[in-house]
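The chain contents come next:
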Amino acid sequence: MSHNPPLSPTPQASVYERCLQQAADAARPALAHCIDHAVVALQLAETQSMKLAERDELGLAWRELLIYKDRWCAQYPQDLQTAFTSATAHALAVQPPVAAARRNSLNLDMFSLVDNAQVEKGIASSRLLQQVLPAVGQVLAELDALMSSAQGLTKVNPAFNPVRPEVYAQTLRAMMAAAPVAPAISALWVKHLAEPLGRELKQVYEKLVNLLELAQVRAASYRMVPTPAAAVRSQRAAGGGAHVSPVGVGYVSDEPLPRTPSQYADLSNDETRDALFQDFLFRGGSNTNHKLAPSYYATIEEELIALKAAPESAPAPLQAGQRASSRRQGDAAHDYHGTRSDPRRPTLPAGDTDADRDTTENPSGIIDVLSQLSSQVWGVYGRARERALVRTQLQKDATRVGQVLGMEVVRKLVNQVAQDPRLLVPVREAIVALEPSLLRLAMVDSRFFSEENHPGRRLMERVAQRGFKYNHNASPEFEIFFGSVTGTFNALNALDIADARPFDAALGELQNLWDAQDRQEKTQGSSMRQTMQFAEERQSQADQIAFDMSMRADLDHVPGVVLDFLFGPWALVMAHARLTDTQRQIDPSGYGSLVSDLLWSVKPQVTLKRPAQLIDMIPGLLARLHAGLASLGQDPRETEAFFSTMEKLHRPVLKLRRVRSRRDAEESDAAPLEVALADAPDMSDILPATPEQRKARAAGQPWLAPRELDDAGFEETVPSGPAELGELDELDEELDKGLAILPTADGALQEADPAGDTPSAEQLLQGLREGSWVDLHSKRHWLRAQLIWASTRGTLFMFVSHGGQPHSMTRRSCERLINERLLRPVLTHGVVAQALDHLVKEAAPVDEDAST
């Protein structure tokens, strides 16, 4: 038997160095393309934004990006070259036993929901990375295998690939972090650079793969156990004198790659299992169709026998490959709640098991996949042992690696959602109870969790999002909601899942039920929203009308109180008439033409010369003024000062009527001033408008009539006395859990760094969007309310609580309530997405080790 001798590592090292150099060189044009794309996207967003502050921020972002473009394009390749060299040196220095030890040590912290300092520091890089990875998934898997081979590794280790996306993302973020700009601007850069960076990296990786393949580098593979048949064929080939090349990973061979043999994946090896899991989670898995080794089935069979033999009240025993994760789950409970608790609670005396208890009364609120749930609510699957039996039996029935890994992701995903403190305890328990159905779904669709619109994932998300409608589980409304969820989930658990259709049907039924329950609230909310939108549009038009009137040439010598009336109430009257006019008249009700008469009538030096004209004008003028104000619904008390001034200004002329006969007044073109002004009222306080009064100014917020104020629920926001001490104490406890909230650049709300600066009321208010939920204290009760409308200028806000009760308030009122902890935004961003984000971070501990 002849063997090809191993080749010198020099050619291999040469092609490896060429890859690093080419990857760095390609960074300059790639970043230039990314910045060009981001600038265009930011400019488009700027033109489409309806909010002034947001437009300013977007404009500043793209202008600053252009300023840094040339400098960054020159610096990025150099920084990458340094990062590649550092990553390579680290990979060579870390020996397998050391790396494994570090991984095992790091895995103890797996699934911790409290980010450590390193993760917090790189949170922006992680977000950038998550948007880049989908674009490079397939080609990156090929590149990982080839780069591992080029480094002389015996199996694929994505973390040792120095040109992996993490390095590009971290290097780019580090470079951007050095720019002296606000965090919001930096966040906008990340958001708009991510998509083009993914496309550019895909092209870079394709070129590197081509370079390595032309150099005849053979891809490394995962550790596989050959089937007996494959082993026999290999022995026969060797015995028959056929050439068997001991081509090792990292060597070059002239022989073509053999066809993929029938292989078993050895999941009993922790290192291999971790590598397969990372590949499956990050890139879809290139070995998902491999079969499972006989040793795997032997281990599962032992666990299944142990489960069946365990007494009913015993906690579910841990499964292979999950013993370490159980410790990590315990760590997560410790990290999240501040106390260490054994997720497998001890066996209780007969008749007093956890399964028979209502876990919603558990003050700790610790829920995970090993929790005992209420059997009265969830039936047989309320017991952790029964759920473990389903899981283990499905693992026994699995025939492919992808099925096992898919079920592992589901279990960890459910565990993450179950520990999300934003959700009420019964909702978290519901997700745990649904695990059997989700596991069955993973058997037929192992990567359903990666599809945002998959019915299985959407069902979990919609139930969680619906749960945000309630802030406690003692209300009748929540009981109705939870009853529908339990019925649906129990029905799913009773089915044999062959595809996603049962989940789609279940979600459809729940959504129809919720839509029917919300129909009346939505109708009321829509009516209230239309009222507020009408008021905002009326105010906008009134501001424009006032500005147009301020440009008139006949404003000289007009008293300031009259201009205040014209620019304020009367501009609103004219705007209201235009918006309600169905005949599209130029001047509905003639309220515009009335302005000229009004301005003429308040100038005594003119009217005293034509008293008859004024006398004839006054009755009609006053009637139309009152009619216009009545159509607006304005309280007469608001215009008392104006009409009092009008009466004083008109009194000298009216007095002439009493002094002279009507005939004398008509024949005289001018009335003697001494007669007109005799016994006239003191008008020293009626001064002509100042230059400032002649400038029309936009209203700070839309004007609302008393009826509109009542309909919008402004009375609900009137302070009703101090909150009960116990209620405020409960709120303080929630705030002390570290769930501080901070808005991001794109308007979403996120958890703020507990060690950082506390966000201001203004920041929190800016983070609210229509559909955002808040906890609002009103009339000595805490209510969960939803923002259904905010004025364009952000000066008025309308919330609606259960039953369609409106709560409207000004910006100042909102900020006061936030400062007094009487209004608190609720984090409602994607529950499943956040759980997956934590899962992705915790599944790659080697990345953190490599970055140190």
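What you see is a predicted model; the values in this text were computed from it and never measured.

The helix and strand inventory of the protein chain stands at 33 helices and ten strands. Every one of the 852 residues in the protein chain was classed for burial, and the buried ones make up 50%. In the protein chain, 76% of the contacts between residues at least 6 apart in sequence involve partners at least 24 apart. Summed over its atoms, the accessible surface of the protein chain is roughly 39,900 Å², and 53% of this surface lies on carbon and sulfur atoms.

Inspection of the entire model under this criterion finds 23 salt bridges. Between K412 and E408 there is a salt bridge, with the nearest N and O atoms lying 3.1 Å from each other. Placement of the pair is K412 and E408 together in helix α15 (residues 401–418), with a separation of four residues, close to one helical turn. One salt bridge in this structure joins R466 and D518, with 2.5 Å as the shortest N-O distance. On the criterion of sequence distance, the pair formed by R466 in helix α18 (residues 455–467) and D518 in helix α20 (residues 501–550) is long-range, its members being 52 residues apart. Using a relative accessible area of 7% as the deciding quantity, one classes R466 as buried. Bridged by salt links that share partners, the residues R383, R385 and E386 form one connected network.

Before going further, it helps to spend a moment on the environment of Q805. Structurally, Q805 is set in strand β9 (residues 805–810). For Q805 and A785, which are 20 residues apart along the polypeptide, the C-alpha to C-alpha distance reads 8.9 Å.

Burial within β9 is extensive, with five of its six residues counted as buried. Bridge analysis of strand β8 (residues 796–801) against β9 gives six bridges, and the strand direction is antiparallel. Opposite F799, over in β9, you have H807 as the bridge partner.

In this section: the sheet that holds strand β10 (residues 823–825). Spatially, five strands are ordered β9-β8-β7-β6-β10 in an open sheet, and the strand pairing comes out antiparallel. Of all the strands in the sheet, just β9 and β10 have a single pairing partner and so form its edges. In this sheet, adjacent strand axes meet at a mean angle of 35 degrees when their direction is disregarded. Here strand β6 (residues 773–778) runs beside strand β7 (residues 781–790); their pairing, made up of six bridges, is antiparallel. In the sheet register, W773 faces β7, and the bridge partner there is Q786. Helix-sheet contacts for α20 involve β7, β8 and β9, and the interaxial angle to β7 is about 50 degrees. Across the sheet, helix α31 (residues 811–819) touches β6, β8, β9 and β10, and the angle it forms with β9 is around 100 degrees.

Spanning twelve residues, helix α32 (residues 831–842) covers 17 Å between terminal C-alpha atoms, matching the ideal 16 Å at 1.5 Å per step. Judged by how many residues are buried, α32 sits mostly within the fold: ten of twelve residues are covered.

So, on to the nonpolar core. L281, L438, L459, V463, F481 and F489 are the most contacted members of the largest nonpolar core, which totals 70 residues. No other element matches the ten residues that α15 contributes to this core. Once residues lying within four places of it in the same chain are set aside, the contact partners of F481 are V427, V463, R466, G467, Y470 and W514. Within the second largest apolar cluster, 59 residues are counted, among which are A23, A27, F84 and L193.

Counting across every chain of the model gives 19 aromatic pairs. Ring geometry for Y296 versus Y297: centroids 5.2 Å apart, planes at 75 degrees, classification edge-to-face. In this structure an aromatic cluster arises from ring pairing among W378, Y470, F478, F481, F482 and W514. The ring of W62 carries R63 above its face, with NZ or CZ at 5.5 Å from the centroid.

Compared with an ideal rise of 1.5 Å per residue, which puts 14 residues at 20 Å, helix α14 (residues 384–397) spans 20 Å between its outermost C-alpha atoms and is within 8% of the ideal. Burial analysis of α14 places eleven of its 14 residues in the buried class, the great majority of the element. Those residues of α14 that sit buried are A384, R385, E386, R387, A388, L389, V390, R391, T392, L394 and Q395. Contacts from the buried residues of α14 go to α11 (294–309), α15, α16 (425–433) and α17 (435–444).

The next thing to look at is the side chain of D518. For D518, a relative accessible area of 9% puts it in the buried group. Sequence-distant contacts of D518, that is, excluding residues within four places in its chain, are made with R466 and K469.

Below, the discussion takes up the confidence of the model for the protein chain. Atom-level detail of predicted coordinates should not be read off regions where pLDDT is low. With 71% of its residues at a pLDDT of 70 or more, the protein chain shows a mean pLDDT of 75. Every residue in residues 223–262 scores below 50 in pLDDT, and together they form 57 contacts with partners more than four places removed in sequence or on other chains. Note that pLDDT drops below 50 for residues 716–740; the model gives that stretch 38 contacts with residues more than four away or on any other chain.

What follows covers the environment of Q151. Take Q151: it is sitting in the loop between α6 (123–150) and α7 (165–177). Using a relative accessible area of 16% as the deciding quantity, one classes Q151 as buried. Between the C-alpha atoms of Q151 and N161, which are ten residues apart in sequence, the distance is 8.8 Å. Within the structure, the side chain of Q151 is placed 2.8 Å from the backbone oxygen of F160, a separation counted as a polar contact.

Rules and cut-offs
- Residues numbered from 1 in each chain as written.
- Predicted model: local features only at pLDDT ≥ 70, side-chain atom pairs only at ≥ 80, totals over all residues.
- Heavy atoms only, no water.
- Helix = DSSP H or I, 4+ residues; strand = E, 2+ residues; numbered from the N terminus.
- Buried < 20%, exposed > 50% of the residue type's maximum accessible area, 1.4 Å probe, protein only.
- Contact = heavy atoms within 4.5 Å.
- Areas by Shrake-Rupley, 256 points an atom, 1.4 Å probe, with all protein chains shown as cover.
- Salt bridge = Lys/Arg side-chain N within 4 Å of Asp/Glu carboxyl O.
- Pairing = 2+ DSSP bridges.
- Axes fitted to C-alpha atoms, helices over the stretch in contact; angles between N-to-C directions.
- Expected span 1.5 Å × (residues − 1).
- Core = buried A, V, L, I, M, F, W, Y, C linked by side-chain atoms within 4.5 Å.
- Phe/Tyr/Trp six-rings, centres within 6.5 Å; stacked < 30°, edge-to-face > 60°.
- Lys NZ or Arg CZ within 6 Å of the ring centre and 35° of its normal.
- pLDDT = per-residue confidence, 0-100.
- Polar contact = N/O pair within 3.5 Å; in protein donor to acceptor, adjacent residues only side chain to side chain.

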